[in-house]
Amino acid sequence: MPLCYLNATIYMINVNVIFNRKHRRELEVSVYNAGRRRYLALGIRLPEGAKYSNGVVNACLDAAEINNAIAAAVRSLRRQDEEGVELCDLTLRQRRSEVDVAGWIEAYIYNKYTKESSRKLYMYALKELRSGGFVYREDFISARARKFVAALQSRPRSEVYNYQMCNIAHILVRAAVRAGVLSKDCFEGVQIKAAHAREIEYLTEDEVHQVEAVRLREGSRHAKARDMFLFACYTGLAYIDIIRCSVKDVRTIADSRCISGRRQKTGQPYLIKLSDKAYTILCRYGAMNLLNCSSADAVLTRRKDETSPSVAELAGVTKRMTMHVGRHTFATIALSRGVPIEVVSKMLAHASVKTTEIYAKVIPQRVMDAYDLIDRALNQNNKNAKR
């Protein structure tokens, strides 16, 4: 909507949208009527880099929203008498507190994060914010932020997830402050306790053989979940990448059957040489992407709402089995067999070797072998000294 009447006489009231005299990035309305001038705060702060000229804000992401707010403020000033101006003052102050910050954050997430996995994670954090009562501008206060963090971190859920949600919520609030939607970061000074990282869970080679040996009805949900888990153990792929695999993606490289692609989470390329067992699983499900069981984790390890025995129970495995445990199993077995950590990092398509290093911490046998090497070296030196 063109704001051609921002500097005009409306019902004998002269209206001007100007910068605040103390805070140069905040806009206010100058109203002159019957010999009296009043300044009414719009509650609009222009973000860094935004430009305001000829009654229009531009050069920022939410320029259209700001311009609509200005236009609405000017329309509300169409009053003929002093009582109307007082009413307008109340309306403007009310509008300032009722800015839908949560709505702005949602639009920010969809514009900023194009990768589906990232967007989904940030939308979860926004959902937590809304559940905590953070909707309008007046809701974003330090007392509520402290209460929000305390409640979130005391939930009987994964510590890492709760910590992640608190941090992402803070990131979103800081983005709103940078854009001028909020004037203050309500999470500033609020302590977010670091989560204790959960130990890596994995199956030993013997336990993998137990899972392989379980007899399951072909085509059943349990059989499909077991095949997905074993495919993760054989290839190191994550669930989201496995469901996109099919036998038609297999190609021959140096007389070896391989599949390649990019991880959905990191975008890193991967090239996997398929073992005979992995290739057999792919062939079992044909050319279509049928290696997909959305409830795989629930079938692998029994949950409270499940009555039938899980794959882990049928195999006699007491550890928790999930699709990601299959990926962990691949990494730990590779490292325990002496595959260099840099190579394992490439096989897992990690963005950094540091991510792969967490698997090296869970292999005590490698530590014992290292001590044996040192002992042999020292003993050899002592023998040479005696000679």
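Coordinates for the structure precede this section.
A quick note: this is a predicted structure, and the numbers were derived from the prediction, not measured. (Residues numbered from 1 in each chain as written. Predicted model: local features only at pLDDT ≥ 70, side-chain atom pairs only at ≥ 80, totals over all residues. Heavy atoms only, no water.)

*Asks:* Where do I start with the nonpolar core in this structure?
*Replies:* Across soluble globular proteins, nonpolar side chains have a tendency to be buried as a group. Counting 37 residues, the largest nonpolar core has L203, V211, F229, F231, L237, M321 and M323 as its most contacted members. Considering each element in turn, this core owes the most residues, nine residues, to helix 8 (residues 221–235). Sequence-distant contacts of L237, that is, excluding residues within four places in its chain, are made with F231, A232, I242, C245, I259, Y270, I272 and R327. Residues F140, M165, I168 and I192 belong to the second largest nonpolar core, which totals 34 residues. (Core = buried A, V, L, I, M, F, W, Y, C linked by side-chain atoms within 4.5 Å. Buried < 20%, exposed > 50% of the residue type's maximum accessible area, 1.4 Å probe, protein only. Helix = DSSP H or I, 4+ residues; strand = E, 2+ residues; numbered from the N terminus. Contact = heavy atoms within 4.5 Å.)

*Asks:* Is there a simple way to explain helix 7 (residues 205–213) in this structure?
*Replies:* Side chains three or four residues apart in an α-helix point the same way, a direct result of the helix having 3.6 residues per turn. Every buried residue of helix 7 is accounted for by E207, V208 and V211. In an axial view of helix 7, the angular spread of the buried residues amounts to 105°, which keeps them on one side of the axis. Opposite the buried face of helix 7, by more than 90 degrees, sit the exposed residues D206 and A213. Where helix 7 is buried, its residues contact helix 8, helix 12 (311–315) and helix 13 (323–336). (Arc of directions from axis to C-beta.)

*Asks:* Sorry, what's going on with the environment of A59 here?
*Replies:* Mapped onto the fold, A59 is located in the loop between strand 6 (56–58) and helix 1 (63–75). Here A59 falls in the exposed class, since its relative accessible area comes to 52%. As for A59 and G49, which are separated by ten residues in sequence, their C-alpha atoms are 6.8 Å apart. Among residues more than four places away in sequence, those in contact with A59 are G49, A50 and K51.

*Asks:* Would you mind showing me how to read the packing of aromatic side chains here?
*Replies:* Both the distance between ring centres and the angle between the ring planes are used here to describe each pair of aromatic rings. Here the structure, examined in full by the defined rule, presents seven aromatic pairs. Ring centres 4.1 Å apart and planes at 25° place the aromatic pair Y113 and Y122 in the stacked group. For the pair formed by Y113 and Y122, the shared burial category is buried. These aromatic residues form a ring-pair network of at least three members: W104, Y108, Y113 and Y122. One cation-aromatic arrangement involves R257 over Y279; the distance from NZ or CZ to the ring centre is 4.0 Å. Between K319 and the ring centre of Y202, over which it is positioned, the NZ or CZ distance is 5.2 Å. (Phe/Tyr/Trp six-rings, centres within 6.5 Å; stacked < 30°, edge-to-face > 60°. Lys NZ or Arg CZ within 6 Å of the ring centre and 35° of its normal.)

*Asks:* Looking at this model, I keep getting lost on the environment of K346. Mind explaining?
*Replies:* Summarising the element assignment, K346 is placed in helix 14 (residues 341–347). Taking relative accessible area as the criterion, K346 reaches 67% and is therefore assigned exposed. The spacing of K346 and I272 is 74 residues in sequence and 9.8 Å in space, taken between C-alpha atoms.

These values are about where atoms sit, not about what they do.
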